[in-house]
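The primary structure of each chain is shown beneath.
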Amino acid sequence: MSASDRELYERLHEKARGGYAEATARLLSVALDGGVKSHVLGEVLRGRPRTAHIVGVTGPPGAGKSTLVGALAHGWPGEGRVAILAVDPTSPISGGSILGDRVRMKQVSGDNRVYMRSVASNGRTDGLSLGIERATDLLSTLDFETVIIETVGVGQVEIEITSLADTTVAVFTPGQGDVVQAVKSGLNEVTDIFVVNKMDQGGGDTVIRDLRRVTRAAVGSAEEAEHVWQRPVVGVTATETAGLDKVVDEIIGHREYLERTGEAVVRQTNRGRLQLESALEEYFREAMQDYLLSENGTTLAHQLSIGKLTVIEIAEEIVAELIRQVESRLLASGS
Amino acid sequence: MTATLTPPPRIVIGTYALDQHEVAALMVARVLRDAGADVIYLGRFNMPEHFVDAAIQEDADIIGVSCHSWEYLELTDKLLELSSQLDRRVSVVLGGSVITTSDAEGLLERGVTAVLGPGAPKEEVVAAVWKAAELAREQSIENG
């Protein structure tokens, strides 16, 4: 099976690189759905150059992320192609999702330079989705100049996107509380570019001023300034496309900064680390869930609950078993 | 839910052109989400090429159009034509208050996979969508 799958994926990859959206879509499904087929795809991607610049766009719900992302992609300068992965939440009850980002991105329909895919978070709670690392890796081999990943609307602690992206853009709006909120947020510390959207609604200047105050980096000499990224704060009104040129300039400027300082390699490695972490988590989580529901697991859980055994005693036994199970699963899925 | 399908159906849902009646589309989207489907919601103002473009990029199994105005009479042939040109099979499902019985017969003959009337209970909607997704996957040729 995997030999013919492999040939199919090779062919689709060739077509997708030429800008054929249907091939891109099919390959993305393979990457996102996971399982054995995604391992075969991984083989197909081996050794191919990863050339795309990965941009993460995050921020609270209702900040206008989708509108901003759609407008950025549609207005992206030059001839390069742009891909969008827009993550929306999955219902924890039914496992189904309503993915509504396309409603805010009408302009990308019919724009052959832009590929847009809605992605269900599928039980993940960090603003990203299961399989998004594989999907990002795939897109980075398909000759897209830029890949924009829009997270689920997040709060103050979901910062995984910064491990996935080369450049992280955080979107804020007026009326979301004072500067203390921005300082508290873990997101603030790892954001590369701040965007204040809905500037037409008033109060935006205050947000910009406050953000500038807390984000400015202390720089000594001019030589040192070369190696410090002064995180910009840009005001926009995404629905009117006002200020978007400036956001694009800053993203491109940040890409140049990463390449100039060697930081690009660090970020790329972070991405690899996240992909590895997610893959390992996936393997162990599956094995763990199976074990915990097994007869043995149930007996141990009961003994813990009545105080007969301690967590450490049980863990020693389970960890060895989990490793054996994960090993056999990996062997089974090797091509 | 009627049948298990892994991964669950992916369906693009919206209304045609100037049909402003969006509530039913949103309701059906919720019913399908609650049954476990992934619904890619397009909202209003969609021409056939918008539906098909979205279905291509989203690797969707189904295009679902909520019809509460006359547009379906004019636009469905184009939608069927465009969706039949794809490498993978995409089922077209229509639903709505204005589709008459004789219209429904004609639509089914011309290649629409299912037509749902205004009184269709949730179970019927879910069953039709799962079946349409299954059909789309069975008939999709694995060609590059």
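Rules used in this analysis
- Residues numbered from 1 in each chain as written.
- Chains lettered and ligands numbered in written order.
- Predicted model: local features only at pLDDT ≥ 70, side-chain atom pairs only at ≥ 80, totals over all residues.
- Contact = placed C-beta atoms within 7 Å.
- Helix = DSSP H or I, 4+ residues; strand = E, 2+ residues; numbered from the N terminus.
- Nonpolar A, V, L, I, M, F, W, Y, C, P; charged D, E, K, R; others polar.
- Axes fitted to C-alpha atoms, helices over the stretch in contact; angles between N-to-C directions.
- Parallel < 35°, antiparallel > 145°, perpendicular 65-115°, else oblique.
- Left-handed = near helix turned anticlockwise from the far one by under 90°.
- Pairing = 2+ DSSP bridges.
- pLDDT = per-residue confidence, 0-100.
- Buried ≥ 20, exposed ≤ 12 C-beta atoms within 10 Å, placed from the backbone.

**As for the interface of chain A and chain B**
- Contact residues are listed per partner, giving 28 residues for chain A and 27 residues for chain B.
- For the side of chain A that touches chain B, the elements supplying multiple residues, two or more each, are helix H1 (2-17), helix H2 (21-33), strand S3 (97-99) and strand S4 (114-120) of chain A.
- Looking at the side of chain A that touches chain B, the element that brings in the most residues is H2(A), giving 7 residues.
- For the side of chain A that touches chain B, the per-class residue count stands at 11 nonpolar, 10 polar and 7 charged.

**A word on the packing of H2(A) against helix H5 (residues 132-140) of chain A**
Residues and elements named next belong to chain A.
- Between H2 and H5, the least distance of the axes is 7 Å, while the angle of their chain directions is 150°. Our classification of the angle between H2 and H5 gives roughly antiparallel. For the element pair H2 and H5, the recorded crossing hand is right-handed. Judged by residue contacts, Leu27, Leu28, Ala31 and Leu32 of H2 engage Arg134, Ala135 and Leu138 from H5.

**Observations regarding the sheet that holds S3(A)**
- An order of S3(A)-S2(B)-S1(B)-S3(B)-S4(B)-S5(B) is seen for the 6 strands of this open sheet, with the pairing classed as parallel. In the strand order of this sheet, the two ends are held by S3 of chain A together with strand S5 (114-116) of chain B, each with one partner. Taken over all neighbouring pairs, the strand axes of this sheet differ in orientation by 25° on average, direction set aside.
- In the packing of helix H1 (residues 23-34) of chain B onto the sheet, the strands contacted are S3 of chain A together with strand S1 (10-16), strand S2 (38-46), strand S3 (62-66) and strand S4 (91-95) of chain B, and the crossing angle to S1(B) comes to about 170°.

**Considerations on the confidence of the model for chain A**
- Taken as a whole, chain A shows an average pLDDT of 89; of its residues, 94% reach a score of 70 or greater.
- Mean pLDDT across the elements of chain A ranges from a minimum in helix H7 (residues 179-184) of chain A, with 62, to a maximum in strand S5 (residues 144-150) of chain A, with 97.

**A word on the sheet that holds S5(A)**
Residues and elements named next belong to chain A.
- Read from one edge to the other, the open sheet built from 7 strands follows the order S4-S2-S5-S1-S6-S7-S8, with strand pairing classed as parallel. Taken across any chain shown, the strands that pair with only one partner, and hence form the sheet edges, are S4 and strand S8 (233-235). Taken pair by pair, the neighbouring strands of this sheet meet at an average axis angle of 20°, ignoring direction.
- Examined bridge by bridge, strand S6 (residues 167-172) and strand S7 (residues 193-196) share 4 bridges and lie parallel to one another.

**Section: the pairing of S6(A)**
Residues and elements named next belong to chain A.
- Most of S6 is tucked away, with 6 of its 6 residues classed as buried.
- Of the two faces of S6, both are covered, the one formed by Thr167, Val169 and Val171 as well as the one formed by Thr168, Ala170 and Phe172.
- Bridge count between strand S1 (residues 53-58) and S6: 4 bridges; the pairing is parallel. Paired with threonine 58 across the strands is alanine 170, a residue of S6.

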